[in-house]
Amino acid sequence: MKQFQFVRPATQQSVLEVINKPGTKIIAGGTNLVDLMKRGVTAPDKLVDINHLPLKGIAATKTGLHIGALALNSTVSEDKTVIAKQPLLSMALKAGASPQLRNMATVGGNMMQRTRCTYFYDTTMPCNKREPGSGCGAMEGYNRMHAIFGASDKCIAVHPSDMCVALAALDAIVIVAGKKGERRIPFTEFHRLPGDHPESDNHLATDELIIGVEIPDNNFAKNSYYLKVRDRQSYAFALVSVAAALEIENGTIKNARLAMGGVAHKPWRLNDAEKALIGKPANEESFKQAAAIAMQGAKAYEYNSFKLKLAPATITEALKHASGLV
Ligand code: SF4
(Lines give C-alpha, C1' and ligand atoms only; values in the text may rest on other atoms or scores of the structure.)
Protein backbone atom coordinates (compact mmCIF):
# COMPACT_ATOMS: atom_id res chain seq x y z
CA MET A 1 0.00 0.00 0.00
CA LYS A 2 1.27 3.48 -0.84
CA GLN A 3 2.31 5.58 2.14
CA PHE A 4 -0.13 8.34 3.03
CA GLN A 5 -0.60 11.15 5.51
CA PHE A 6 -3.28 10.75 8.22
CA VAL A 7 -4.79 13.92 9.67
CA ARG A 8 -7.57 14.64 12.14
CA PRO A 9 -8.67 18.30 11.88
CA ALA A 10 -10.37 19.40 15.10
CA THR A 11 -13.59 20.86 13.71
CA GLN A 12 -15.99 20.49 10.79
CA GLN A 13 -14.76 23.84 9.47
CA SER A 14 -11.16 22.70 9.59
CA VAL A 15 -12.14 19.47 7.78
CA LEU A 16 -13.70 21.59 5.03
CA GLU A 17 -10.43 23.53 4.72
CA VAL A 18 -8.45 20.41 3.76
CA ILE A 19 -10.74 18.04 1.84
CA ASN A 20 -10.70 19.88 -1.48
CA LYS A 21 -7.11 18.95 -2.30
CA PRO A 22 -6.16 16.39 -4.99
CA GLY A 23 -5.32 13.00 -3.51
CA THR A 24 -7.32 13.63 -0.33
CA LYS A 25 -9.97 11.21 0.96
CA ILE A 26 -12.24 11.34 3.97
CA ILE A 27 -12.24 8.30 6.24
CA ALA A 28 -14.94 7.37 8.76
CA GLY A 29 -15.55 3.62 9.38
CA GLY A 30 -13.22 2.74 6.50
CA THR A 31 -15.07 -0.51 5.75
CA ASN A 32 -14.81 0.04 1.99
CA LEU A 33 -12.02 2.59 1.64
CA VAL A 34 -9.39 0.49 3.43
CA ASP A 35 -10.14 -2.47 1.13
CA LEU A 36 -9.82 -0.18 -1.90
CA MET A 37 -6.47 1.07 -0.64
CA LYS A 38 -5.14 -2.40 0.13
CA ARG A 39 -5.99 -3.56 -3.37
CA GLY A 40 -4.50 -0.49 -5.05
CA VAL A 41 -7.85 0.60 -6.50
CA THR A 42 -7.37 3.94 -4.83
CA ALA A 43 -4.15 5.42 -3.45
CA PRO A 44 -4.77 8.68 -1.56
CA ASP A 45 -1.92 10.91 -0.42
CA LYS A 46 -3.87 12.05 2.61
CA LEU A 47 -6.67 10.58 4.73
CA VAL A 48 -8.82 13.00 6.71
CA ASP A 49 -10.29 11.27 9.75
CA ILE A 50 -13.69 12.70 10.73
CA ASN A 51 -14.79 10.14 13.34
CA HIS A 52 -14.53 12.65 16.22
CA LEU A 53 -16.95 15.21 14.65
CA PRO A 54 -20.28 15.56 16.50
CA LEU A 55 -22.37 13.98 13.73
CA LYS A 56 -23.62 10.81 15.41
CA GLY A 57 -27.04 11.97 16.66
CA ILE A 58 -30.42 10.46 15.82
CA ALA A 59 -33.36 12.70 16.66
CA ALA A 60 -37.03 13.14 15.83
CA THR A 61 -37.72 16.66 14.57
CA LYS A 62 -40.97 18.56 13.96
CA THR A 63 -41.12 17.24 10.40
CA GLY A 64 -39.25 13.97 10.44
CA LEU A 65 -36.15 12.15 11.56
CA HIS A 66 -32.59 13.49 11.50
CA ILE A 67 -29.69 11.04 11.40
CA GLY A 68 -26.11 12.26 11.68
CA ALA A 69 -23.66 11.18 8.99
CA LEU A 70 -21.43 9.43 11.55
CA ALA A 71 -24.21 7.40 13.19
CA LEU A 72 -23.22 3.76 12.93
CA ASN A 73 -25.29 1.44 10.75
CA SER A 74 -25.79 -0.88 13.76
CA THR A 75 -26.89 2.01 16.02
CA VAL A 76 -29.41 3.32 13.48
CA SER A 77 -30.83 -0.14 12.79
CA GLU A 78 -31.48 -0.72 16.52
CA ASP A 79 -32.65 2.80 17.39
CA LYS A 80 -36.16 2.78 18.90
CA THR A 81 -37.24 5.97 17.13
CA VAL A 82 -36.02 4.66 13.77
CA ILE A 83 -37.83 1.36 14.29
CA ALA A 84 -41.05 3.15 15.30
CA LYS A 85 -41.03 5.86 12.62
CA GLN A 86 -39.07 4.34 9.73
CA PRO A 87 -38.94 0.55 10.14
CA LEU A 88 -38.05 0.17 6.44
CA LEU A 89 -34.67 1.81 7.13
CA SER A 90 -33.98 -0.48 10.07
CA MET A 91 -34.85 -3.56 7.97
CA ALA A 92 -32.61 -2.46 5.10
CA LEU A 93 -29.67 -1.79 7.42
CA LYS A 94 -30.02 -5.18 9.09
CA ALA A 95 -29.99 -6.83 5.65
CA GLY A 96 -26.66 -5.19 4.83
CA ALA A 97 -23.14 -6.59 5.37
CA SER A 98 -22.35 -8.45 8.63
CA PRO A 99 -22.78 -7.34 12.29
CA GLN A 100 -19.05 -6.58 12.51
CA LEU A 101 -19.20 -4.31 9.46
CA ARG A 102 -22.41 -2.62 10.63
CA ASN A 103 -20.61 -1.81 13.90
CA MET A 104 -17.97 0.15 11.98
CA ALA A 105 -19.85 1.53 8.95
CA THR A 106 -21.42 4.99 9.15
CA VAL A 107 -24.47 6.40 7.39
CA GLY A 108 -22.35 8.83 5.33
CA GLY A 109 -19.83 6.11 4.47
CA ASN A 110 -22.61 3.75 3.42
CA MET A 111 -23.73 6.37 0.90
CA MET A 112 -20.18 6.84 -0.39
CA GLN A 113 -19.27 3.15 -0.73
CA ARG A 114 -18.25 2.08 -4.20
CA THR A 115 -19.54 -0.66 -6.45
CA ARG A 116 -18.50 -4.25 -5.77
CA CYS A 117 -18.05 -5.02 -9.49
CA THR A 118 -15.18 -7.52 -9.40
CA TYR A 119 -13.48 -5.93 -12.41
CA PHE A 120 -13.35 -2.61 -10.55
CA TYR A 121 -11.35 -4.32 -7.77
CA ASP A 122 -9.07 -6.25 -10.13
CA THR A 123 -6.38 -3.78 -11.17
CA THR A 124 -5.22 -6.08 -13.99
CA MET A 125 -8.59 -5.63 -15.77
CA PRO A 126 -9.95 -2.66 -17.74
CA CYS A 127 -12.46 -0.57 -15.82
CA ASN A 128 -13.75 2.88 -16.81
CA LYS A 129 -14.77 3.58 -13.24
CA ARG A 130 -11.28 2.93 -11.83
CA GLU A 131 -9.36 4.20 -14.84
CA PRO A 132 -11.47 6.35 -17.21
CA GLY A 133 -11.05 5.38 -20.85
CA SER A 134 -9.61 1.91 -20.15
CA GLY A 135 -12.79 0.01 -21.08
CA CYS A 136 -15.26 -2.13 -19.16
CA GLY A 137 -14.27 -5.66 -18.22
CA ALA A 138 -17.81 -6.54 -17.18
CA MET A 139 -19.52 -5.63 -20.45
CA GLU A 140 -18.34 -8.83 -22.19
CA GLY A 141 -17.30 -10.55 -18.98
CA TYR A 142 -19.07 -12.35 -16.15
CA ASN A 143 -21.79 -9.78 -15.52
CA ARG A 144 -24.15 -11.77 -13.30
CA MET A 145 -24.28 -9.10 -10.57
CA HIS A 146 -24.67 -6.16 -12.94
CA ALA A 147 -27.29 -3.60 -13.92
CA ILE A 148 -30.53 -4.07 -15.82
CA PHE A 149 -31.55 -0.39 -15.62
CA GLY A 150 -29.79 2.89 -16.39
CA ALA A 151 -26.47 1.43 -17.57
CA SER A 152 -24.30 3.02 -20.25
CA ASP A 153 -21.84 1.66 -22.80
CA LYS A 154 -19.11 2.77 -20.38
CA CYS A 155 -20.29 1.01 -17.21
CA ILE A 156 -22.92 -1.52 -16.13
CA ALA A 157 -22.08 -1.61 -12.40
CA VAL A 158 -24.65 -1.48 -9.60
CA HIS A 159 -24.66 0.44 -6.34
CA PRO A 160 -24.12 -2.01 -3.48
CA SER A 161 -26.02 -0.38 -0.60
CA ASP A 162 -29.19 -1.64 1.07
CA MET A 163 -29.61 1.41 3.31
CA CYS A 164 -29.62 3.71 0.29
CA VAL A 165 -32.50 1.79 -1.33
CA ALA A 166 -34.67 2.42 1.73
CA LEU A 167 -33.64 6.09 1.93
CA ALA A 168 -34.45 6.57 -1.78
CA ALA A 169 -37.90 5.05 -1.24
CA LEU A 170 -38.51 7.22 1.84
CA ASP A 171 -37.79 10.55 0.06
CA ALA A 172 -34.84 11.24 2.34
CA ILE A 173 -32.79 14.41 2.00
CA VAL A 174 -28.99 14.44 2.17
CA ILE A 175 -27.55 17.41 4.05
CA VAL A 176 -24.05 18.41 3.00
CA ALA A 177 -21.76 21.16 4.25
CA GLY A 178 -19.36 23.18 2.15
CA LYS A 179 -17.32 26.31 2.68
CA LYS A 180 -20.27 28.40 1.49
CA GLY A 181 -22.76 26.75 3.84
CA GLU A 182 -25.17 23.83 3.77
CA ARG A 183 -26.95 22.26 0.80
CA ARG A 184 -29.88 19.81 0.78
CA ILE A 185 -29.98 17.15 -1.94
CA PRO A 186 -32.99 14.85 -2.51
CA PHE A 187 -31.71 11.33 -1.93
CA THR A 188 -32.86 10.15 -5.37
CA GLU A 189 -30.63 12.84 -6.91
CA PHE A 190 -27.56 12.19 -4.77
CA HIS A 191 -26.19 9.18 -6.68
CA ARG A 192 -25.80 9.34 -10.44
CA LEU A 193 -26.08 7.04 -13.44
CA PRO A 194 -22.80 6.15 -15.16
CA GLY A 195 -23.31 7.91 -18.51
CA ASP A 196 -19.94 8.90 -19.98
CA HIS A 197 -18.37 9.39 -16.54
CA PRO A 198 -18.71 6.22 -14.46
CA GLU A 199 -15.74 7.33 -12.37
CA SER A 200 -18.17 9.66 -10.62
CA ASP A 201 -20.67 7.91 -8.31
CA ASN A 202 -22.61 10.89 -6.98
CA HIS A 203 -23.17 14.64 -7.03
CA LEU A 204 -21.19 15.49 -3.90
CA ALA A 205 -18.66 18.22 -4.72
CA THR A 206 -15.03 17.63 -3.74
CA ASP A 207 -15.20 20.43 -1.16
CA GLU A 208 -18.37 19.11 0.51
CA LEU A 209 -18.94 16.84 3.49
CA ILE A 210 -22.08 14.79 4.17
CA ILE A 211 -23.29 15.83 7.62
CA GLY A 212 -26.64 14.07 7.88
CA VAL A 213 -29.80 12.66 6.39
CA GLU A 214 -33.39 13.69 7.02
CA ILE A 215 -36.41 11.48 6.45
CA PRO A 216 -39.73 13.33 6.32
CA ASP A 217 -42.56 11.91 8.44
CA ASN A 218 -44.90 9.54 6.60
CA ASN A 219 -47.64 7.02 7.26
CA PHE A 220 -45.74 3.96 6.05
CA ALA A 221 -44.59 2.50 9.37
CA LYS A 222 -47.38 -0.10 9.51
CA ASN A 223 -46.88 -1.45 5.99
CA SER A 224 -43.18 -1.47 5.11
CA TYR A 225 -40.88 -4.27 4.04
CA TYR A 226 -37.33 -4.67 2.75
CA LEU A 227 -36.73 -7.85 0.79
CA LYS A 228 -33.22 -8.75 -0.28
CA VAL A 229 -32.48 -11.71 -2.54
CA ARG A 230 -28.85 -12.82 -2.40
CA ASP A 231 -26.66 -15.87 -2.85
CA ARG A 232 -26.40 -16.52 0.91
CA GLN A 233 -28.31 -15.23 3.90
CA SER A 234 -25.58 -12.99 5.35
CA TYR A 235 -22.65 -10.92 4.17
CA ALA A 236 -23.67 -10.93 0.51
CA PHE A 237 -24.69 -8.13 -1.82
CA ALA A 238 -28.16 -8.07 -3.34
CA LEU A 239 -28.91 -9.80 -6.60
CA VAL A 240 -32.13 -7.82 -6.34
CA SER A 241 -33.59 -6.01 -3.35
CA VAL A 242 -36.85 -4.11 -2.94
CA ALA A 243 -37.88 -1.45 -0.43
CA ALA A 244 -41.68 -1.34 -0.31
CA ALA A 245 -43.82 1.05 1.73
CA LEU A 246 -47.59 1.32 1.55
CA GLU A 247 -50.33 3.36 3.14
CA ILE A 248 -53.48 1.26 3.07
CA GLU A 249 -56.98 2.43 3.99
CA ASN A 250 -59.88 -0.05 4.05
CA GLY A 251 -57.98 -2.41 1.75
CA THR A 252 -57.18 0.31 -0.82
CA ILE A 253 -53.69 1.66 -1.44
CA LYS A 254 -53.64 5.37 -0.59
CA ASN A 255 -49.92 5.93 -1.06
CA ALA A 256 -46.92 3.86 -2.13
CA ARG A 257 -43.13 4.01 -2.25
CA LEU A 258 -40.92 1.52 -4.06
CA ALA A 259 -37.21 1.33 -4.81
CA MET A 260 -34.91 -1.44 -5.99
CA GLY A 261 -31.29 -2.31 -5.26
CA GLY A 262 -28.86 -4.49 -7.19
CA VAL A 263 -30.25 -3.34 -10.53
CA ALA A 264 -28.68 0.05 -11.33
CA HIS A 265 -25.74 2.38 -10.70
CA LYS A 266 -27.93 4.12 -8.10
CA PRO A 267 -30.87 3.11 -5.90
CA TRP A 268 -33.62 2.66 -8.49
CA ARG A 269 -36.86 4.41 -7.55
CA LEU A 270 -40.00 2.97 -9.19
CA ASN A 271 -42.17 6.08 -9.64
CA ASP A 272 -44.47 4.67 -12.34
CA ALA A 273 -45.15 1.50 -10.39
CA GLU A 274 -45.96 3.59 -7.30
CA LYS A 275 -48.48 5.66 -9.28
CA ALA A 276 -50.06 2.49 -10.65
CA LEU A 277 -50.62 1.18 -7.12
CA ILE A 278 -52.48 4.22 -5.81
CA GLY A 279 -56.23 3.64 -5.63
CA LYS A 280 -55.89 -0.09 -6.28
CA PRO A 281 -56.88 -2.86 -3.89
CA ALA A 282 -53.95 -4.14 -1.85
CA ASN A 283 -53.86 -7.58 -3.44
CA GLU A 284 -51.50 -9.77 -5.46
CA GLU A 285 -53.06 -8.77 -8.78
CA SER A 286 -52.31 -5.06 -8.18
CA PHE A 287 -48.79 -5.91 -7.03
CA LYS A 288 -48.06 -8.01 -10.13
CA GLN A 289 -49.33 -5.20 -12.39
CA ALA A 290 -47.08 -2.68 -10.63
CA ALA A 291 -44.12 -5.06 -10.92
CA ALA A 292 -44.70 -5.40 -14.68
CA ILE A 293 -44.73 -1.59 -15.01
CA ALA A 294 -41.53 -1.37 -12.96
CA MET A 295 -39.72 -3.63 -15.42
CA GLN A 296 -40.38 -1.48 -18.49
CA GLY A 297 -37.06 -0.51 -20.08
CA ALA A 298 -35.05 -3.25 -18.35
CA LYS A 299 -32.12 -4.63 -20.33
CA ALA A 300 -30.07 -7.68 -19.40
CA TYR A 301 -26.53 -8.74 -20.30
CA GLU A 302 -25.21 -12.24 -20.99
CA TYR A 303 -25.18 -13.56 -17.42
CA ASN A 304 -27.82 -11.51 -15.62
CA SER A 305 -31.00 -12.15 -17.61
CA PHE A 306 -32.32 -14.07 -14.58
CA LYS A 307 -32.84 -10.62 -12.99
CA LEU A 308 -35.60 -9.90 -15.52
CA LYS A 309 -37.69 -12.56 -13.78
CA LEU A 310 -36.26 -12.21 -10.29
CA ALA A 311 -36.88 -8.44 -10.05
CA PRO A 312 -40.67 -8.44 -10.68
CA ALA A 313 -41.07 -11.50 -8.46
CA THR A 314 -39.18 -9.71 -5.68
CA ILE A 315 -41.29 -6.56 -6.07
CA THR A 316 -44.49 -8.61 -5.84
CA GLU A 317 -43.24 -10.53 -2.81
CA ALA A 318 -42.04 -7.38 -1.02
CA LEU A 319 -45.44 -5.74 -1.56
CA LYS A 320 -47.21 -8.85 -0.26
CA HIS A 321 -45.11 -8.69 2.91
CA ALA A 322 -45.58 -4.93 3.28
CA SER A 323 -49.34 -5.22 2.93
CA GLY A 324 -49.59 -8.14 5.37
CA LEU A 325 -50.76 -10.64 2.72
CA VAL A 326 -47.95 -12.97 3.83
FE1 SF4 B 1 -15.69 -0.92 -14.25
FE2 SF4 B 1 -18.27 -0.32 -14.35
FE3 SF4 B 1 -17.27 -1.94 -16.13
FE4 SF4 B 1 -17.42 -2.75 -13.60
S5 SF4 B 1 -19.13 -2.30 -14.93
S6 SF4 B 1 -15.69 -3.00 -15.01
S7 SF4 B 1 -17.11 -0.83 -12.53
S8 SF4 B 1 -16.70 0.20 -15.86
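Bear in mind the structure is a predicted one, so any value in this text is a computation, not a measurement.

Chemist: A description of the overall build of the protein chain should follow, citing residues and the corresponding values.
Modeler: In terms of regular secondary structure, the protein chain is built from 12 helices and 12 strands. The C-alpha atoms of the protein chain give a radius of gyration of 19 Å, which matches the 20 Å a tight globule of 326 residues would have. Along the longest, intermediate and shortest principal axes, the C-alpha atoms of the protein chain span 60 × 50 × 35 Å. For the protein chain, the residues scored as buried account for 53% of the 326 residues in total. Partitioning the contacts of the protein chain with sequence separation of at least 6, the portion at a separation of at least 24 is 64%. Of the roughly 14600 Å² of accessible surface on the protein chain, 52% is carried by carbon and sulfur atoms. If the 39 positive side-chain charges of the protein chain are averaged to one point and the 30 negative ones to another, these points end up 3 Å apart.

Chemist: Give a detailed account of the site of the ligand, specifying residues and quantitative values.
Modeler: Surveying the vicinity of the ligand reveals 14 residues, the closest of which are C117, C127, C136, C155 and I156. Counted by class, the shell around the ligand contains 9 nonpolar, 3 polar and 2 charged residues.

Chemist: An account of a nonpolar patch on the surface is needed here, citing residue identities and associated values.
Modeler: Side chains of M1, F4 and F6 sit close together on the surface and give an oily, nonpolar patch of about 330 Å² of accessible area. Here M1 lies in the segment before β1 (5–7).

Chemist: Provide a residue-level description of the sheet that holds strand β11 (residues 252–261), including the pertinent values.
Modeler: Hydrogen bonds between backbone groups are what pair the strands of a sheet, and the pairing can be parallel or antiparallel. Spatial ordering of the open sheet is given by β9-β10-β11-β12, a layout of 4 strands whose pairing is antiparallel. Strand pairing shows two members of the sheet lacking a second neighbour, β9 (224–229) and β12 (268–269), which therefore form its edges. Where strand β10 (residues 240–249) meets β11, 9 bridges bridge the pair, whose relative direction is antiparallel. Bridge pairing in β11 places L246 opposite A256. Of the strands in this sheet, β9 and β10 are in contact with helix α5 (residues 87–95), which crosses β9 at around 20°.

Chemist: Summarise the packing of helix α11 (residues 284–294) against helix α12 (residues 307–323); cite the residues concerned and give the values.
Modeler: Remark: α11 packs on α12, axes separated minimally by 8 Å, with the N-to-C direction vectors making an angle of 140°. Classified by the angle their axes make, α11 and α12 are oblique. Judged by the twist between their axes, the crossing of α11 over α12 is right-handed. Here α11 contributes E284, F287, K288, A291 and A294 to the contact with α12, which in turn contributes P312, I315, T316, L319, K320 and S323. For the contact of α11 with α12, the per-class residue count stands at 6 nonpolar, 2 polar and 3 charged.

Chemist: Outline the environment of G141, supporting the account with residue identities and numerical values.
Modeler: For G141, the position within the fold is in the loop between α8 (118–121) and α9 (163–169). Expressed as a C-alpha distance, the spacing of G141 and A294, which sit 153 residues apart in the sequence, is 27 Å. Apart from the residues within four sequence positions on either side, G141 is in contact with Y119 and Y303.

Chemist: Which residues make up the domain arrangement of the protein chain, and what are the values?
Modeler: By a widespread convention, an interface's size corresponds to the accessible area lost as its parts come together. Examined at the domain level, the protein chain breaks down into domain 1 (5–51) and domain 2 (224–323). Taken over C-alpha atoms, the centre of domain 1 sits 36 Å from the centre of domain 2.

Chemist: Can you break down the sheet that holds strand β8 (residues 209–216) residue by residue, with the values?
Modeler: The strand order β4-β5-β8-β6-β7 describes an open sheet built from 5 strands, whose pairing is antiparallel. A strand with exactly one partner marks an edge of an open sheet, and here the two such strands are β4 (58–60) and β7 (181–186). Taken pair by pair, the neighbouring strands of this sheet meet at an average axis angle of 20°, ignoring direction. Here strand β6 (residues 173–178) runs beside β7; their pairing, made up of 6 bridges, is antiparallel. Paired with A177 across the bridge in β7 is E182.

The rules behind the values
Residues numbered from 1 in each chain as written. Predicted model: local features only at pLDDT ≥ 70, side-chain atom pairs only at ≥ 80, totals over all residues. Heavy atoms only, no water. Helix = DSSP H or I, 4+ residues; strand = E, 2+ residues; numbered from the N terminus. Rg over C-alpha atoms; globule rule 2.2 N^0.38 Å. Buried < 20%, exposed > 50% of the residue type's maximum accessible area, 1.4 Å probe, protein only. Contact = heavy atoms within 4.5 Å. Areas by Shrake-Rupley, 256 points an atom, 1.4 Å probe, with all protein chains shown as cover. Lys, Arg positive; Asp, Glu negative; His and termini not counted. Charge placed at Lys NZ, Arg CZ, Asp CG, Glu CD. Near = heavy atom within 4 Å. Nonpolar A, V, L, I, M, F, W, Y, C, P; charged D, E, K, R; others polar. Patch = residues over 30% accessible without salt bridge, like charges linked within 9 Å, V, L, I, M, F, W, Y side chains within 5 Å. Salt bridge = Lys/Arg side-chain N within 4 Å of Asp/Glu carboxyl O. Pairing = 2+ DSSP bridges. Axes fitted to C-alpha atoms, helices over the stretch in contact; angles between N-to-C directions. Parallel < 35°, antiparallel > 145°, perpendicular 65-115°, else oblique. Left-handed = near helix turned anticlockwise from the far one by under 90°. Domains from an automatic or database assignment.

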